Amino acid sequence: MTDTHTVAGPLFLGLTGGIGAGKSTVAALCADRGAGIIDADRIAREVVEPGEPALAALRDAFGEEVLTPGGALDRPALAGLAFASPEQTAVLNRIMHPAIEARTAQRLKDLADRPIVVHDIPLLVENGLTGNYHLSLLVDVPEEIRLERLTTLRGLEREDAIRRIRAQATDAQRLRACDVRLDNAGARDRLEEQFAAVWDARIEPFRRNREAGVPAEPLPLTAEDASAEAQAAAGDRLVSRLERAARRAGITVTASAAVSPAGVAIDLHAPEGSESARIHGVLRDAGYAQDGGTGLYLSADPGRPATVALTGA
């Protein structure tokens with residue numbers, strides 16, 4: 001069949017890392033390459049500025065004491081009330097999450113003309129969001145180095161810094177959830193070298209292949225990326241991305257992955273009667289291109305060889 005579907009938007013990257021890892025540095029490097037940046041922390045501040053509906057909702061839920069005399073949000077006061085019990089935290093989340101999601105969606109819409117958009121989001125792993133992105137980038141720094149940076153550069157008390165670090169995902173959890181690891185434990189020029197290599201060899205080719213609807217020429221996997229554990233984690237990520245991409249298109253699918261040293265093989269089943277063109281569009285948007293010779297879909301991402309076998313549609 002001839003694929004006339006065009007991709008629906010930019011290549012969408014998630015950028016994360018523990019507190020003190022240096023995400024903002026990598027976000028700036030992405031911006032220098034022309035990427036649009038969505039800053040999750042900035043949005044969380046914007047939606048509770050004076051005059052915003054979320055701030056009024058917080059006042060109604062927690063009382064006037066969460067406001068300063070000038071009408072701004074008193075963050076320490078809110079934290080003292082909102083985290084006093086699981087029930088109060090749930091109230092906070094019911095107010096904040098929809099406001100943040102709506103503002104994020106608007107930012108993404110505003111940046112729809114950019115070839116690549118990067119979502120700088122500290123809690124990507126904690127909130128199970130890796131399936132929302134074509135790739136997730138991890139700025140990785142050992143805990144002890146992050147602790148030193150937080151106490152010396154940001155002036156946090158050691159106990160406070162430890163508490164903040166321990167409240168987030170572990171290094172192992174982040175590694176499993178993310179596709180690309182950028183080591184920021186050393187000098188900035190070393191980070192910039194890693195970033196340039198990843199951008200030029202993987203991110204930009206992925207964007208180009210996806211836009212053109214062609215499969216990638218796979219890069220050789222490192223020994224670390226070819227390990228059984230890394231391949232299994234990659235299979236989980238790819239399955240999650242396909243299932244979420246289908247849900248966004250209003251289609252319910254089931255997917256499973258089998259892994260081998262050669263890559264990830266995904267079985268994707270769509271319900272009988274599903275509109276074929278919509279399924280093909282989901283696969284194209286997710287970064288897969290049909291191989292006319294085999295009927296399989298091949299990944300447009302050169303950094304992770306993967307195939308999709310489609311049944312039911």
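A few words now on the overall build of the chain. Scanning the chain from terminus to terminus reveals eleven helices and ten strands. The C-alpha atoms of the chain give a radius of gyration of 21 Å, which matches the 20 Å a tight globule of 313 residues would have. Its C-alpha atoms put the chain at 70 × 45 × 35 Å along the principal axes. With 313 residues in all, the chain has 44% of them scored as buried. Within the chain, contacts between residues at least 6 apart in sequence are counted, and of these 70% link residues at least 24 apart. When the accessible surface of the chain is totalled, it reaches about 15500 Å², and 53% of it is carbon and sulfur. Looking at the chain, you have 35 positive and 45 negative side-chain charges, and the mean spots of the two groups are 1 Å apart.

So, about the packing of aromatic side chains. Considering all chains together, one arrives at two aromatic pairs under this definition. Taking 4.9 Å as the distance between ring centres and 55 degrees as the angle between the ring planes, the aromatic pair formed by Phe12 and Tyr133 counts as tilted. Here Phe12, found in strand E1 (residues 11-16), pairs with Tyr133, found in the loop between strand E3 (116-120) and strand E4 (135-140); they are 121 residues apart in sequence, far enough to count as distant. The interplanar angle of 40 degrees and the centroid separation of 5.5 Å between the aromatic rings of Phe195 and Trp199 together place this pair among those described as tilted.

With that settled, the discussion passes to the side chain of His134. In this fold, His134 is placed in the loop between E3 and E4. Only 3.3 Å separates the side chain of His134 from the side chain of Arg210, close enough to count as a polar contact. Every residue in contact with His134, bar those within four places of it in the chain, is listed here: Pro10, Leu11, Phe12, Phe206, Arg210, Arg241, Asp285 and Ala286.

Before going further, it helps to examine helix H3 (residues 53-62). Every α-helical turn comprises 3.6 residues, leaving residues that sit three or four positions apart pointing alike. Among all positions of H3, only Ala54, Leu55, Leu58 and Phe62 are buried. Summarising the axial view, the buried residues of H3 lie within an arc of 100 degrees, below the 170-degree limit, and thus occupy one face. Exposed and oriented more than 90 degrees from the buried face of H3 are Pro53 and Asp60. Contacts from the buried residues of H3 go to helix H4 (75-82) and helix H5 (86-110).

Another point: the pattern of salt bridges. With the rule as written, the count across this model stands at 23 salt bridges. In this structure, the salt-bridge partner of Arg241 is Asp179, at a minimum N-O distance of 2.4 Å. With Arg241 in helix H10 (residues 228-248) and Asp179 in the loop between helix H8 (171-177) and strand E5 (180-183), this residue pair connects regions lying 62 residues apart in the sequence. What makes Arg241 buried here is its relative accessible area of 8%.

Moving on to the packing of H10 against helix H11 (residues 276-286). At a minimum axis separation of 9 Å, H10 and H11 run at an interaxial angle of 130 degrees. Here H10 is positioned oblique relative to H11, judged by the angle of their axes. Here H10 runs over H11; the crossing is right-handed. On H11, the residues touching Leu242, Ala245 and Ala246 of H10 are Val282, Leu283 and Ala286. Grouping the amino acids of the contact of H10 with H11 by side-chain chemistry returns six nonpolar, no polar and no charged.

The strand order across the open sheet formed by five strands is E6-E7-E10-E9-E8, and the pairing between neighbours is mixed. The sheet is open, and its two edges are formed by strand E6 (254-260) and strand E8 (288-290), each paired on a single side. Averaged over all pairs of adjacent strands, the angle between strand axes in this sheet comes to 25 degrees, irrespective of strand direction. Lying on the sheet, H10 is in contact with E6, strand E7 (263-269), E8 and strand E10 (306-311); it crosses E6 at an angle near 155 degrees.

Of the pairings in the sheet, the one linking E6 to E7 comprises seven bridges and is antiparallel in character. Residue pairing in the sheet places Ala257 in a bridge with Ile266 of E7. Connecting E6 to the antiparallel partner E7 that follows it, the hairpin turn spans two residues.

This part is about the environment of Arg42. Inspection of the secondary structure assignment puts Arg42 in helix H2 (residues 40-46). On a C-alpha basis, the gap between Arg42 and Ile121 in space is 10.0 Å, while along the polypeptide they are 79 residues apart.

Rules of the game
Residues numbered from 1 in each chain as written. Predicted model: local features only at pLDDT ≥ 70, side-chain atom pairs only at ≥ 80, totals over all residues. Heavy atoms only, no water. Helix = DSSP H or I, 4+ residues; strand = E, 2+ residues; numbered from the N terminus. Rg over C-alpha atoms; globule rule 2.2 N^0.38 Å. Buried < 20%, exposed > 50% of the residue type's maximum accessible area, 1.4 Å probe, protein only. Contact = heavy atoms within 4.5 Å. Areas by Shrake-Rupley, 256 points an atom, 1.4 Å probe, with all protein chains shown as cover. Lys, Arg positive; Asp, Glu negative; His and termini not counted. Charge placed at Lys NZ, Arg CZ, Asp CG, Glu CD. Phe/Tyr/Trp six-rings, centres within 6.5 Å; stacked < 30°, edge-to-face > 60°. Polar contact = N/O pair within 3.5 Å; in protein donor to acceptor, adjacent residues only side chain to side chain. Arc of directions from axis to C-beta. Salt bridge = Lys/Arg side-chain N within 4 Å of Asp/Glu carboxyl O. Axes fitted to C-alpha atoms, helices over the stretch in contact; angles between N-to-C directions. Parallel < 35°, antiparallel > 145°, perpendicular 65-115°, else oblique. Left-handed = near helix turned anticlockwise from the far one by under 90°. Nonpolar A, V, L, I, M, F, W, Y, C, P; charged D, E, K, R; others polar. Pairing = 2+ DSSP bridges.

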